[in-house]
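# Results of the structural survey
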Amino acid sequence: MVEELIRGLASEGLRPDVFLVNDGSTDNSMQEVRALVGDHPEVRYISFSRNFGKETALMAGLLECGDDFDALAYMDSDGQHRCTDLVRMIGVAQSPEVDLVCGVRDSRNYQTASQQRMARLFYALFRKLSDAPIDEGAGDFNVLKPPVVAALRSLREEHPFMKGLVGWVGFRKRLIPISIAERAGGQAKSSTRRMLKLAFGAILSFSSWPLRAWSAIGMVSALLAVLYLALVVVQTAVFGRNIPGYATTVVLLLGLGGLQLLSIGIVGEYLARVYDASKQRPRYLVAERSGALPGR
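As a starting point, this report considers the structure included with it. (Residues numbered from 1 in each chain as written. Predicted model: local features only at pLDDT ≥ 70, side-chain atom pairs only at ≥ 80, totals over all residues. Heavy atoms only, no water.)

## Re the packing of helix 3 (residues 54-64) against helix 7 (residues 162-169)
Direction vectors running N to C along helix 3 and helix 7 enclose 50°, while the axes themselves pass 10 Å from each other. In terms of orientation, helix 3 and helix 7 fall into the oblique class. Judged by residue contacts, Glu-55, Leu-58, Met-59 and Leu-62 of helix 3 engage Met-162, Lys-163 and Leu-165 from helix 7. Here the contact of helix 3 with helix 7 is built from residues that sort into five nonpolar, no polar and two charged. (Axes fitted to C-alpha atoms, helices over the stretch in contact; angles between N-to-C directions. Helix = DSSP H or I, 4+ residues; strand = E, 2+ residues; numbered from the N terminus. Parallel < 35°, antiparallel > 145°, perpendicular 65-115°, else oblique. Contact = heavy atoms within 4.5 Å. Nonpolar A, V, L, I, M, F, W, Y, C, P; charged D, E, K, R; others polar.)

Rendered as structure tokens:
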């Protein structure tokens, strides 16, 4: 993929620099990366001390790649993002009226039906709940002008979600439809569980609605309790009916107790993010970089 990228961009009269981020791979990725660096002086890299996650790796690439560029593009390294699409996006980014070009997937045929439904639901929820709308089908294949890169670098997110951050910073954006190719090799790591975890974290990072929702749920619960109390009083005082209380009491206690525990859990998720930020640990650790010995 790297060699195709270098050839394809060079054929368009461009001088590409390629910066690779190894997110704690356990296969022979680093051997391949070192060989690429030896054969191509325009290739550089950093390698994490362990896996810190794709979103952190993307942010690390923005922070570590340097400042000598006219435009910066980031993309996946599994061959699913095409060089031909990148050339089109760079062409659009050359317009002075454009600051950011986003590749938008024209199809999700590479995903299962359940994953496609989950993705559509996530995008719909995110647009309704957050102040950083992301476009349907937007992925991690973008071309950024220097002002956009500077804006993203200034953000100090402990748990970055790049699609949301790109939407939040704004700027003049252009959407370009792209097609996703088959993986050149390896197995996809984005399981349903990981997708759900990423979606939940993204909503927590960009919306306070999960907290506000429990205020509404509390008010509705209190209103229902008052209405039920009025019903019991009327049935007992007016009609003289004896209202059985055991089953009702148990159901109410279990239901309200479950709601309270769920609300505490959501508050705890927000507090955990505050706690993580308070520790001020670095978002990633670099074990090796181009031209340096491991650990330097």
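## Quick look at the sheet that holds strand 1 (residues 18-22)
Read across the sheet, three strands follow the order 1-2-7 without closing on themselves; strand pairing throughout is mixed. Two strands lie at the open edges of the sheet, namely strand 1 and strand 7 (286-289), each paired on one side alone. Direction aside, neighbouring strands of the sheet carry axes that sit 20° apart on average. Pairing of strand 2 (residues 43-48) with strand 7 involves three bridges; the strand directions are antiparallel. Each bridged residue has a counterpart across the sheet, and for Ile-46 the counterpart in strand 7 is Arg-289. (Pairing = 2+ DSSP bridges.)

## Overview of the packing of aromatic side chains
Applying the stated criterion across every chain yields a total of two aromatic pairs. The interplanar angle of 90° and the centroid separation of 5.5 Å between the aromatic rings of Phe-48 and Phe-52 together place this pair among those described as edge-to-face. Accessibility assignment for this pair places Phe-48 and Phe-52 in one class, buried. Put simply, the rings of Phe-48, Phe-52 and Tyr-284 pair up and form one aromatic cluster. The cationic tip of Arg-50 hangs over the ring face of Phe-52; the distance from NZ or CZ to the ring centre is 3.9 Å. (Phe/Tyr/Trp six-rings, centres within 6.5 Å; stacked < 30°, edge-to-face > 60°. Buried < 20%, exposed > 50% of the residue type's maximum accessible area, 1.4 Å probe, protein only. Lys NZ or Arg CZ within 6 Å of the ring centre and 35° of its normal.)

## As for empty space enclosed by the protein
As enumerated under the stated definition, the model contains one cavity of 30 Å³ or more in all. Approximately 80 Å³ is the volume found for the largest cavity. Along the walls of the largest cavity sit Cys-102, Pro-133, Ile-134, Asp-135, Ala-138, Gly-139, Asn-142, Lys-163, Val-166, Gly-167 and Lys-173, which together make up its complete lining. Listing elements by their share of the lining of the largest cavity, those giving two or more residues are strand 5 (138-144) and helix 7. Along the lines of polarity and charge, the residues of the lining of the largest cavity split into five nonpolar, three polar and three charged. (1 Å grid on protein atoms, 1.4 Å probe; cavity = no way out; pocket = protein on both sides within 12 Å on 5 of 7 lines; lining within 4 Å. Points joined across faces, edges and corners; volume = space filled by probe spheres on them.)

## Points about the environment of Lys-54
Position of Lys-54 among the secondary structure elements: in helix 3. When its relative accessible area of 40% is taken as the criterion, Lys-54 is described as partly exposed. Those residues in contact with Lys-54 that sit more than four places away from it in its chain are Asp-23, Asp-76 and Asp-140.

## Digging into the pairing of strand 1
In terms of residue burial, strand 1 counts as a mostly covered element, since four of its five residues are buried. Pairing of strand 1 with strand 2, which is carried by five bridges, proceeds in the parallel orientation. Across the sheet, residue Asn-22 finds its bridge partner in strand 2, namely Ser-47. Where the polypeptide runs from strand 1 across helix 2 (residues 29-39) and back to strand 2, its parallel neighbour, the crossover connection is right-handed. (Right-handed = clockwise from strand over helix to strand, strands pointing away.)

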